[in-house]
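Per-entry structural report
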Amino acid sequence: MTIKDEKEDLEKSVSRSAHSRGQILLFVLSVMMLFVSTTASAQISVGGNTKLDYAAPKQFEVGGITVSGTKYLDKKVLVLLSGLSVGEKIQVPGEATTEAIHKLWDQGLFSDVEITATKIVDDKIFLDIRLQERPRLSKYALKGVKKSDANDIRESIRLIKGKVVTENLIVSTENIIQNHFIDKGFLNVEVETIETPDTTLPNNVILTFNVDRKKKIKIAKLIFRGNEEVKKGKLAGTMKETKQRKWWRVWKTSKFLDFEYENDKKALIAKYNQMGYRDARIISDTIYASKKNAINVEINLEEGRKYYFRNITWSGNTKYSSEVLGKILGIKKGDVYDQSRLDANLFMNPNGRDVSSLYLDDGYLFFNVQPTEILVVNDSIDLEMRVREGKQATINRVTVIGNSKTNDHVILRELRTKPGQLFSRADIIRSQRELSQLGYFNAETLGVDPKPNPVDGTVDIEYTVEEKPSDQIELSGGWGAGRIVGTLGVTFNNFSLRNMFKKGAWRPLPAGDGQRLSLRAQSNGLFFQSYNFSFMEPWLGGNKPNAFSVSAYHSVQSNGVQRGEARREAIRITGVSVGLGTRMKWPDDFFLMQHELSYQNYILENYQLISGFNNGNSHTFSYKLTISRNSIGDPIFPTYGSIISGSMELTPPFSAFTGLDYTTASASEAYKLIEYHKWKFDAKWYISLAKNLVIETKMQFGFLGGYNKDLGISPFERFYVGGDGLSGFGLDGREIVALRGYDNNSLSSSFGGTIFTKYSAEFRYRISPNPQATVYVLAFAEAGDSWLTFSEFKPYDLKKSAGVGVRIFLPMFGLLGLDYGWRFDDVPGRPDMAPGQFHFSIGQQF
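Here the residue numbering is sequential within each chain, running from 1 through the sequence in written order. Whole-chain, interface and lining totals are the exception, using all residues; otherwise, since this is a predicted model, local features are given only for residues with pLDDT of at least 70 and side-chain atom pairs are given and counted only at 80 or more. Computation of side-chain values: all heavy atoms of the structure, hydrogens and water removed.

1. A word on the overall build of the chain
Going by this rule: For the purposes of this entry, the term helix denotes a DSSP run of H or I that reaches at least four residues, the term strand denotes a run of E that reaches at least two, and both are numbered from the N terminus. Each residue's exposure class comes from its accessible area (1.4 Å probe, protein chains only) as a fraction of the maximum for that residue type: buried when under 20%, exposed when over 50%, partly exposed otherwise. The contact rule is simple, with two residues in contact once any of their heavy atoms fall within 4.5 Å. Here the Shrake-Rupley method, with its probe set to 1.4 Å, supplies the accessible areas, and only the displayed protein chains count as covering residues.
Within the chain, the regular secondary structure consists of 15 helices and 36 strands. Sorting the 846 residues of the chain into buried and exposed places 41% on the buried side. Long-range pairs, those at least 24 residues apart, make up 59% of the contacts in the chain between residues at least 6 apart in sequence. As displayed, the chain has an accessible area near 45,100 Å², and 56% of this comes from carbon and sulfur atoms.

2. Re the pairing of strand 34 (residues 799-810)
For the record, the criterion: In this analysis, strands are considered paired if DSSP registers two or more bridges between them.
Taken together, the 11 bridges between strand 33 (residues 774-787) and strand 34 define a ladder with antiparallel strand orientation. Paired with Ala781 across the two strands is Ala802, which belongs to strand 34. Bridging between strand 34 and strand 35 (residues 814-823) involves 10 bridges; their strand directions are antiparallel. Bridged to Leu810 within strand 35 is Gly814.

3. A short note on the packing of aromatic side chains
Selection criterion: Each Phe, Tyr or Trp ring, with Trp reduced to its six-membered ring, pairs with another whose centre is within 6.5 Å; inter-plane angles below 30 degrees give stacked pairs, above 60 give edge-to-face pairs, and intermediate values give tilted ones.
One pass over the full model with this rule turns up 22 aromatic pairs. With a centroid separation of 6.4 Å and an interplanar angle of 70°, the aromatic rings of Tyr140 and Phe209 are classed as edge-to-face. Highlighted residues: Tyr140 in strand 7 (residues 136-143) and Phe209 in strand 9 (residues 204-212), separated in sequence by 69 residues. Accessibility assignment for this pair places Tyr140 and Phe209 in one class, buried.

4. Here we look at the sheet that holds strand 13 (residues 308-315)
To keep things clear, this is the line we draw: Under this scheme, a helix contributes an axis fitted over its contacting stretch, all axes are lines through C-alpha atoms, and angles between N-to-C directions fall in the 0 to 180 degree range.
With respect to topology, 3 strands assemble into an open sheet ordered 13-15-14, the strand pairing being mixed. Every interior strand has two partners, whereas the edge strands, strand 13 and strand 14 (368-377), have only one. Strand-to-strand twist of the sheet, defined as the mean angle between neighbouring strand axes without regard to direction, takes the value 25°. The pairing of strand 14 with strand 15 (residues 380-388) spans 9 bridges and is classified as antiparallel. Residue Glu373 lies in a different strand from strand 15, and its bridge partner there is Leu383. Across the sheet, helix 9 (residues 322-329) is in contact with strand 13 and strand 15; its angle to strand 13 comes to roughly 140°.

5. Brief notes about the environment of Tyr742
Mapped onto the elements, Tyr742 comes out in the loop between strand 31 (735-737) and strand 32 (755-768). For the pair Tyr742 and Arg823, spaced 81 residues apart in the sequence, the C-alpha separation amounts to 6.3 Å.

6. A closer look at the sheet that holds strand 9
On the basis of which strands lie adjacent, the open sheet formed by 3 strands has the order 7-9-8 and mixed pairing. Edge positions in the open sheet fall to strand 7 and strand 8 (190-197), since each of these has one partner strand only. Each strand axis lies, on average, 20° off the axis of its neighbour in the sheet, ignoring direction. Note that strand 7 and strand 9 share 7 bridges and pair parallel. Along strand 9, the bridge assignment pairs Lys143 with Asn210. Sheet strands touched by helix 6 (residues 167-182): strand 7, strand 8 and strand 9. Its angle to strand 8, the strand with the most contacts, is close to 145°.

7. Let's talk about helix 5 (residues 147-157)
So the rule is basically this: Directions pointing from the helix axis toward each C-beta atom define the arc.
By the burial criterion, the buried members of helix 5 are Asp149, Ala150, Ile153 and Ile157. Buried residues of helix 5, seen end-on, are gathered within an arc of 100° and therefore sit on one face of the element. Away from its buried face, by an angle of more than 90 degrees, helix 5 presents the exposed residues Lys147 and Glu155. Close packing links the buried residues of helix 5 with strand 7 and helix 6. Just past helix 5, the residue Arg158 takes up positive phi, approximately 50°.

8. Description of the pairing of strand 22 (residues 528-537)
Two elements, strand 21 (residues 515-523) and strand 22, share 8 bridges in a ladder whose sense is antiparallel. Paired with Arg516 across the two strands is Met536, which belongs to strand 22. Looking at chain direction, strand 22 and strand 23 (residues 546-558) are connected through 10 bridges and run antiparallel. Residue pairing across strands places Asn532 opposite Tyr553, the latter belonging to strand 23.

9. Thoughts on a nonpolar patch on the surface
Note the cut-off: Residues with no salt bridge and a relative accessible area higher than 30% make up the patches, which join like charges within 9 Å and nonpolar side chains (Val, Leu, Ile, Met, Phe, Trp, Tyr) within 5 Å. We define a salt bridge as a side-chain nitrogen of Lys or Arg found within 4 Å of a carboxyl oxygen belonging to Asp or Glu.
Together, Ile374, Leu375 and Val377 make up a nonpolar patch on the protein surface, roughly 230 Å² of accessible area in all. Here Ile374 is to be found in strand 14.

10. Considerations on the packing of helix 5 against helix 6
Selection rule: Reported orientations rely on four angle classes, namely roughly parallel under 35 degrees, roughly antiparallel over 145, roughly perpendicular from 65 to 115, and oblique for the rest. Crossings are sorted by hand: turned counterclockwise from the far helix by less than a right angle, the near helix makes the crossing left-handed, and turned clockwise it makes it right-handed.
The N-to-C vectors of helix 5 and helix 6 enclose an angle of 135°; their axes lie 10 Å apart at closest approach. Taken together, the axis directions place helix 5 and helix 6 in an arrangement best described as oblique. With respect to the hand of their crossing, helix 5 and helix 6 are arranged in right-handed fashion. Judged by residue contacts, Asp149, Asp152, Ile153, Ser156 and Ile157 of helix 5 engage Thr173, Ile176, Ile177, His180 and Phe181 from helix 6.

11. Some thoughts on the pattern of salt bridges
For the structure shown, the criterion picks out 41 salt bridges. When the shortest N-O distance is used, the salt bridge between Lys214 and Asp212 registers 3.1 Å. Between Glu444 and Arg766 there is a salt bridge, and its shortest N-O distance comes to 3.8 Å. Here Arg766 lies in strand 32 and Glu444 lies in the loop between helix 13 (425-438) and strand 17 (447-453), a separation of 322 residues in the sequence. Taken together, the shared-partner salt bridges in this structure form one network comprising Glu696, Arg740, Lys758, Glu762, Arg764, Glu782, Arg807 and Asp819.

12. Remarks on the environment of Ser555
Among the secondary structure elements, Ser555 is positioned in strand 23. In the structure, Ser555 is positioned 23 residues away from Asn532 in sequence and 8.6 Å away in space, judged by C-alpha atoms.

13. Here's the deal with unusual backbone geometry
Cis peptide bonds are those with omega within 30 degrees of zero, and the linkage from Val92 to Pro93 qualifies with -10°. Secondary-structure assignment places Pro93 in the loop between strand 4 (89-92) and helix 4 (95-105). With an omega of 0°, the peptide bond running from Trp586 to Pro587 counts as cis. With respect to the helices and strands, Pro587 occurs in the loop between strand 24 (570-583) and strand 25 (591-605). Notably, Asn606 is not glycine yet its phi reads approximately 55°, a positive angle. Following the sequence through the fold, Asn606 ends up in the loop between strand 25 and strand 26 (616-630).

14. Remarks on the environment of Ile129
Counting through the fold element by element, Ile129 comes out in strand 6 (residues 124-133). A relative accessible area of 1% means that Ile129 is categorised as buried. Between the alpha carbons of Ile129 and Thr118 there is a distance of 10.0 Å; along the sequence they are 11 residues apart. Excluding residues that lie within four positions of it along the chain, Ile129 makes contacts with Ile65, Thr66, Val67, Ser68, Ser82, Leu104, Glu114 and Ile115.

15. Thoughts on the packing of helix 3 (residues 75-82) against helix 4
Counted only if it meets this: For this classification, the nonpolar set comprises Ala, Val, Leu, Ile, Met, Phe, Trp, Tyr, Cys and Pro, the charged set comprises Asp, Glu, Lys and Arg, and every other residue, Gly included, is treated as polar.
At their nearest, the axes of helix 3 and helix 4 sit 8 Å apart, and the two run at 120° to each other. Judged on the interaxial angle alone, helix 4 and helix 3 are oblique. In contact with Leu78, Leu81 and Ser82 of helix 3, helix 4 contributes Ala100, Lys103 and Leu104. Of the residues assigned to the contact of helix 3 with helix 4, the class counts are 4 nonpolar, 1 polar and 1 charged.

16. What about the side chain of Lys243?
Test applied: Two N or O atoms count as a polar contact when they lie within 3.5 Å, although within protein this holds only if one can serve as hydrogen donor and the other as acceptor, and sequence-adjacent residues are included solely when both atoms are side-chain atoms.
Mapped onto the secondary structure, Lys243 falls in the loop between helix 7 (232-238) and helix 8 (258-274). Within the structure, Lys243 has its side chain in polar contact with the backbone oxygen of Met239 (distance 3.2 Å).

17. What about the side chain of Thr620?
Here Thr620 shows up in strand 26. In this structure Thr620 comes out as buried when scored by relative accessible area, which is 1%. Setting aside residues up to four positions removed in sequence, Thr620 forms contacts with Ser598, Tyr599, Gln600, Tyr602, Thr651, Ile674 and Tyr676.

Here is the structure:
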């Protein structure tokens, strides 16, 4: 409508005003006369000639109550809901009937409620409650949405068959559907509800929700006004979820979500505060349409003055001097005033020590420090740190709740907090790590609740754990010796040997004492069979963390010909080992020392291991020393720490005692007693880059040497590099080193290597932290190779590859992995090797 049109309409309305006022006055008088007339003579007929005067309410006794109009509801219940009862005395008309109507209406079950008097006998009145039931839901459908969206919406709206269909139900369901799409950036979504009678069921309807998402609303521009000191790019970077549309942005779309926008505004001010602008504030902000399917977000800022720390003093501190506390605080005169930095260095600094931890780690559980501004001069602020040290708290009781399977002593022996000790926050954090490392509990829900008692200066500590499945089944397939090799294994990580003969303990196996029992078998039919058994007691004797282990294994590989026939080619290996590991206190208590004694017996029948060695009976006696340090947290998805391990394995120098001339001795004589020394180093580091984003860097090195140059290097215990590491089995004691993107064992000669090195880096992003199904994706780059002799060793001339993969941890099966690797280098003698290939893994890390 134009301004001219509006003017003409206004003139016409004014010219008609006199006539209209007369008509309105006549109408009002007529209504008033009608009302007065009705009030004076309002009567209804009830039961024939009986008259009920509504102008003069009369008291009656309720003689009976009936319910009409309903087919599917209990009439006795409806009468009870109305609040009316037979024998009750009420006034008609009056509040009792009005209240009854309201109570029934409030149930939301009816579209019409009416109470009438069917008859009046003397002072008794008989009432009928006439109801019209609302329809019930027969079924519903979502139109215009994807299947994944429909599934999510159904979980939210929870509509069930038989539910009463009310206006509120329809409106609330529409709101849930709209909010679902608004949260995805479809701000203009529309929902239309169509109600259709179900012809197969009386008083039932079918609801159809037609959804029109329309286009997703993008943020065309993110506009900041008033930012004179801080550039727009830095401000936009602090708004993690509210992003301006860019063609190159893949991981973060520019959709607008109101609740994320509010959080981003808080982050914006927090960024200013970190830069010293503690008075910064948002004066106003607005959102308006920019163009079709796009909006502009405009934020008006007032930066204020930039502030600096000046003088910081301490009061109330007696345990530590002001100099010591000031050094830990780490804030100097002239530093930019940053409240978040001040709070972190006082109370909880994730990157180092803070003042609070200094006290809390020494038992001062009741410690408190209050930073107080005592003077503000221009842009400088003086602070006084008012300390209340309190007295040291001693641990009284330590309890554990939530362990339904694991015995208390298994948990308590891992805790660093013991009754009688001084309270220490560091000990609590370390105790939580140790519980996580056990692998029996959900790391995400591990909790601790210190309960201080200031009266006697003690504290009770309660740990909360949630059991998770820890036993594993291994089902895998690999490629070895030109054939597919299948593996079936079971590992019980929380076994109880002492309850083996206890009645009722087999559910399905005795459990709860933290011992580890593993049984494993591998086979590809006639050509290869392998059987392994191992058992470990992590606390031998129960008093100290001395891990005792024992294992035994037997394997046979042949050409499939029956034993005793001349054409048979086979190698049989039998071995046993006993180990003892101890936790070290120096250099720190993350170190572990492991000793192991092993024996292996190799029997060759027409089986060429190396040139000239086809038949023989070889024996190996070895001692292995491993020193390792493990400081990671969650063993499934580490986000910090490292695992560093170095080992040395030695056999006696038998050649120095036998008196055998190895220049003339046959191979079977020379290798009857195997001798070697083997050195390995393995290191992994984990650094958190962002929430759920971690980089793992890794290096490995191995060397196999001999004592006697005439005898040479042992034909056993060699390294084979390349592939997925699932080459089937550890034949002849060989060690298989994975290098993705290449064929299995392709980077070693047919006799294996005596030296290898490998470097790798993985970027890991966790998708699901659920302990029942932890999932993360990764991108990797790695390089490695092996050499037959030390003279050929070229640690910087390596075969390289890169790729992507995914890992899924299932408690029953362990860690499952699938990777695709691209190789960057050709391998001599392997012209047909594919440039890229998939690799499957189970229960292992590459």
